[in-house]
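Fold and geometry: a report
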Amino acid sequence: TELGVERRFVPESCPRAVRPGDFVRYHYIGAFPDGARFDSSYDRGSTFNVFVGKGQLIVGMDQALVGMCVNERRFVKIPPELAYGSEGVPGVIPPNAVLHFDVLLIDVWNSEDEVQVQTYFKPDKCPRTVQVSDFVRYHYNGTFLDGTLFDSSHNRMRTYDTYVGIGWLIPGMDQGLLGMCVGEKRVITIPPFLAYGEDGDGKKIPGQASLVFDVVLLDLHNPKDGIAIENQLVPESCERRSQTGDFIRYHYNGTLLDGTLFDSSYSRNHTYDTYVGKGYVIAGMDEGLLGVCTGEKRRIIIPPHLGYGEEGRGKIPGSAVLVFDIHVVDFHNPSDSVSITVHYKPSNCTVLSKKGDYLKYHYNASLLDGTLLDSTHSLGKTYNIVLGSGQVVLGMDMGLQDMCVGERRTVVIPPHLGYGEDGVEGEVPGSAVLVFDIELLELVSGLPEGYMFVWNGEVSPNLFEEIDQNHDGEVLLEEFSEYIQTQVDTGKGKLAPGFDFEKIVKNMFTNQDRDGNGKVTAEEFKLKDQEAKEEHDEL
């Protein structure tokens, strides 16, 4: 004559128990005391869904469900006075029958419920939270209140990407995502009237089901966002900032907002080299590289509409916000010329270097970021060249002009006047701006342009006869070389400084040997001023 309730399983966690007025979903097996079944929700493949305490159930069941937890299992004995009484249910339940029910509670909610949010991880830094009209990318596991999994973005290995607060989601999820930080993890519990309602989704979600979403937010932006720049290191000295049209070399680490690395120039041990503001890189990077200094480190945060858009690329998923931590190594403009800064010039500075002069100098060579490339000091000897003869890069030929002995200067050479796009393998990176700190130690004046040998006095009127020592009317290379050597040794003549003696003499001899037979005759032999006069007469 009394209601009997046996709690056969009670879960450890019971955040909520059934109260009158709640709506419940439960499975049951209905049987008589002899064990014969008269009904089962399992056989129908769907839970029994009903309000508790509103007269929609037999009195005994209304009472037995109160206080139950989700996943709790109860064995209920209901006397006929609290069941179907003396009338029973024709063809199913006889009069005055005691009923046994094996009940498993699956779901409980109330029409006054709201979305419940439980945050179980929040990053220390949260510069921005989800607002209405933001676009988010998140992973989730979707379960019912009893823990049954019905969907998971993790299983598809693809985030769920959507706008928030504009009706693209069920209302409860629209509410539950608001205020989240990137990296935050929260559990969002949604009653059915803010989810899929009485009908469910027609697939895996039944009608009147409460939903539980375990969410981790990976990405967040708004279509109105521009790029964001965070300066991490700006050099104290910044004489020049990058502009549209400049060519820049920089290192970077590229990550997603959640910190996932998708690319790094450091891993390739090679800078990324590109023009700025010319469309060679994504729009957000084009903008973010403007106004940087050499040596500067900055973080550039790029929304997807200024990055790789909805489609993404490679390891970058669609609609992803990109974070680039960059370090500017150098930049230049194709219109740049050599830059010269004089640090010291002797008071007596009357002899200036010019084309053809033989120079001895020390230098330290580095990149714009200070990386040392080479130094004559470490070798313990000077670097020696003939200025303007192509023995050094064009920018150095220009940078050494008009310098006096003892002068110290810094010469900055853009790559198109240095080693160009290819650089020097293992020594100078391609497209690198070079910085030379130079001290000129010695200067030997060269000869007038076009001359390899000049006389210090009057030229003998019988020059050919003097060279032709055996007077056979022909001068061989050996005779010519011996004569020139004598003139230099006695101070009567001067060779162009900085060149190999044998090469100069052979070049001079070849110029005189006009028929190329290895001999010079009196008819072939002409001084340079005589050659110029004949050419003038012919013109």
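Nothing here was measured: the structure is a model prediction, and the numbers come from that model.

A word on the packing of helix H10 (residues 477–489) against helix H11 (residues 501–512). For the pair H10 and H11, interaxial distance at closest approach is 10 Å and the crossing angle is 120°. Comparing the axis directions of H10 and H11 gives the class oblique. Pair H10 / H11 crosses with right-handed handedness. Within the contact between the two elements, H10 uses Leu477, Phe480, Ser481, Ile484 and Gln485 and H11 uses Phe501, Val505, Lys506, Met508 and Phe509. Looking at the contact of H10 with H11, its residues break down into seven nonpolar, two polar and one charged.

Of the residues in the chain, 98% have a pLDDT of 70 or more, and the chain-wide mean is 93. Between residues 534–539, whose pLDDT stays under 50, and residues either more than four places distant or in other chains, the model counts one contact.

This next bit is on unusual backbone geometry. In the Ramachandran plot, Asn96 falls in the positive-phi region, its phi being about 55° despite a non-glycine side chain. Position of Asn96 relative to the elements: it lies in the loop between strand S5 (73–78) and strand S6 (99–109). Given the relative accessible area of 51%, Asn96 is considered exposed. In this structure, Met157 is a non-glycine residue whose phi angle is positive, near 55°. Looking at where Met157 falls in the secondary structure, it is placed in the loop between helix H3 (153–156) and strand S10 (160–163).

Moving residue by residue along a regular strand, the side chains alternate between the two faces of the sheet. One ladder, built from three bridges, connects strand S2 (residues 23–31) with strand S3 (residues 37–40); its direction is antiparallel. Along S3, the bridge assignment pairs Ala31 with Arg37. In this structure, the hairpin formed by S2 and S3 is closed by a connection of five residues, where Gly35 is found at a positive phi of approximately 95°.

In the numbering used here, UniProt assigns the feature "domain: PPIase FKBP-type" (unreviewed entry) to residues 21–109, 133–221, 245–332 and 356–444. Annotated as residues 21–109, this span is 12% helix and 38% strand, and its ends, taken at the C-alpha atoms, are 9 Å apart. Across residues 245–332 one finds 11% helix and 40% strand; the C-alpha atoms that close the span lie 9 Å apart.

It is worth spelling out the packing of aromatic side chains at this point. In this structure the tally under the stated criterion is 33 aromatic pairs. When the ring of Phe23 is compared with that of Phe51, the centres are 4.9 Å apart and the planes differ by 80°; the resulting orientation is edge-to-face. Here Phe23, found in strand S2, pairs with Phe51, found in strand S4 (residues 48–51); they are 28 residues apart in sequence, far enough to count as distant. Plain terms: the ring middles of Tyr275 and Tyr280 are 5.6 Å apart, the flat faces sit at 40° to each other, and that makes the pair tilted. Take Tyr275: its relative accessible area is 29%, and that puts it in the partly exposed class. Linked through ring pairs, Tyr26, Tyr28, Phe32, Phe38, Phe48 and Phe101 together constitute an aromatic cluster. Geometry around Phe75 places Arg8 over its ring, the cationic atom sitting 4.1 Å from the centre.

What counts, and at which threshold
Residues numbered from 1 in each chain as written. Predicted model: local features only at pLDDT ≥ 70, side-chain atom pairs only at ≥ 80, totals over all residues. Heavy atoms only, no water. Axes fitted to C-alpha atoms, helices over the stretch in contact; angles between N-to-C directions. Helix = DSSP H or I, 4+ residues; strand = E, 2+ residues; numbered from the N terminus. Parallel < 35°, antiparallel > 145°, perpendicular 65-115°, else oblique. Left-handed = near helix turned anticlockwise from the far one by under 90°. Contact = heavy atoms within 4.5 Å. Nonpolar A, V, L, I, M, F, W, Y, C, P; charged D, E, K, R; others polar. pLDDT = per-residue confidence, 0-100. Buried < 20%, exposed > 50% of the residue type's maximum accessible area, 1.4 Å probe, protein only. Pairing = 2+ DSSP bridges. UniProt positions renumbered as here; feature names shortened; annotations may be inferred. Phe/Tyr/Trp six-rings, centres within 6.5 Å; stacked < 30°, edge-to-face > 60°. Lys NZ or Arg CZ within 6 Å of the ring centre and 35° of its normal.

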